[in-house]
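Each chain, letter by letter, is given below.
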Amino acid sequence: MRLPASILVFASLALCAGEVRAHIALTSPPPRTDMQKQGPCGAGPADPRGPTLATFKPGEKIVVTWNEFVNHPGHYRIALDEDGQDGFFDPKDFDDVSGGPGVLMDGIADKQGGDYAQEITLPNVECDNCVLQVIQMMTDKKPYGDGNDLYYQCADIAIK
């Protein structure tokens, strides 16, 4: 029996889809979603909170780890919103590493792909609805602000 070409193409794409890798992948704490194209957490502003998969202590030093599968020049930012995800903001331009409210570390240098590990100190607060965000700023995606220069990953955490 001969299958129509449209079915063969669909089957080929479905088999390849499992092999597609994201630009970055947060590995610890575990990410909310694999999606990463729409801020603030990868799946857009209405991206629902997932289960809390990691709990830390106020003021604790933790190591945030991620992998850059597709290399782009640029830098990274790690931020924390103590109550949801409405306090996150995007950098103003390619060179903005000025931090700001909730930013724990900014201007983390790109090392041309591979595994990353960044130690940060959590704030001395308690929260059950905290969200940790990692942003990848790609400086080769001009013009800035067209939706092609940032990738987002978030982890739903608690600090108690």
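Asker: Quick question: what am I supposed to make of the overall build of the protein here?
Answerer: Counting its regular elements, the protein contains 1 helix and 8 strands. Reading the protein from its N terminus to its C terminus gives the helix and strand order α-β-β-β-β-β-β-β-β. For the protein, restricting intrachain contacts to residue pairs at least 6 apart in sequence, the fraction spanning at least 24 positions comes to 76%. When the accessible surface of the protein is split by element, carbon and sulfur atoms take 55% of a total near 8700 Å².

Asker: So what exactly am I meant to see when it comes to the sheet that holds strand S3 (residues 61-68) here?
Answerer: By way of backbone hydrogen bonds, the strands of a sheet pair with one another, either parallel or antiparallel. The strand order across the open sheet built from 3 strands is S1-S3-S6, with neighbouring strands paired in antiparallel fashion. Each having just a single partner strand, strand S1 (24-28) and strand S6 (114-121) make up the two edges of the open sheet. Within this sheet the neighbouring strands show an average axis-to-axis angle of 25°, counted without direction. Summarising the sheet, S3 and S6 pair through 8 bridges and their orientation is antiparallel. Following the sheet pairing, lysine 61 is matched in S6 by threonine 121.

Asker: Could you clarify how one ought to interpret the nonpolar core in this entry?
Answerer: Counting residues in hydrophobic clusters, the biggest one holds 23 residues, and the most contacted among them are Val64, Trp66, Ile78 and Ile157. Elements that contribute at least two residues to this core include exactly S1, strand S2 (54-56), S3, strand S4 (74-81), S6, strand S7 (127-138) and strand S8 (150-159). Considering each element in turn, this core owes the most residues, 5 residues, to S7. Residues contacting valine 64, with those up to four places away along its chain left out, are Leu26, Ser28, Pro29, Ile78, Tyr116, Ala117, Gln118, Ile120, Leu132 and Val134. With 6 residues, the next largest nonpolar core counts Cys41, Phe88, Val131 and Cys154 among its residues.

Asker: Sorry if this is basic, but what is going on with the environment of leucine 53 here?
Answerer: Looking at where leucine 53 falls in the secondary structure, it is placed in the loop between S1 and S2. Separated by 104 residues in sequence, leucine 53 and isoleucine 157 place their C-alpha atoms 6.2 Å apart. The contacts of leucine 53, once residues within four sequence positions are left out, are Pro30 and Asp156.

Asker: Quick question: what am I supposed to make of the side chain of aspartate 106 here?
Answerer: One can find aspartate 106 in strand S5 (residues 103-109). With a relative accessible area of 18%, aspartate 106 lands in the buried category. A polar side-chain atom of aspartate 106 sits 3.1 Å from a polar atom in the side chain of arginine 77. There is a polar contact of 3.0 Å between the side chain of aspartate 106 and the backbone nitrogen of glycine 99. With near-sequence residues (within four places) excluded, aspartate 106 lies in contact with His75, Tyr76, Arg77, Asp96, Val97, Ser98 and Gly99.

Conventions used here
- Residues numbered from 1 in each chain as written.
- Predicted model: local features only at pLDDT ≥ 70, side-chain atom pairs only at ≥ 80, totals over all residues.
- Heavy atoms only, no water.
- Helix = DSSP H or I, 4+ residues; strand = E, 2+ residues; numbered from the N terminus.
- Contact = heavy atoms within 4.5 Å.
- Areas by Shrake-Rupley, 256 points an atom, 1.4 Å probe, with all protein chains shown as cover.
- Pairing = 2+ DSSP bridges.
- Axes fitted to C-alpha atoms, helices over the stretch in contact; angles between N-to-C directions.
- Core = buried A, V, L, I, M, F, W, Y, C linked by side-chain atoms within 4.5 Å.
- Buried < 20%, exposed > 50% of the residue type's maximum accessible area, 1.4 Å probe, protein only.
- Polar contact = N/O pair within 3.5 Å; in protein donor to acceptor, adjacent residues only side chain to side chain.

Taken by themselves, the reported measurements are silent on function.
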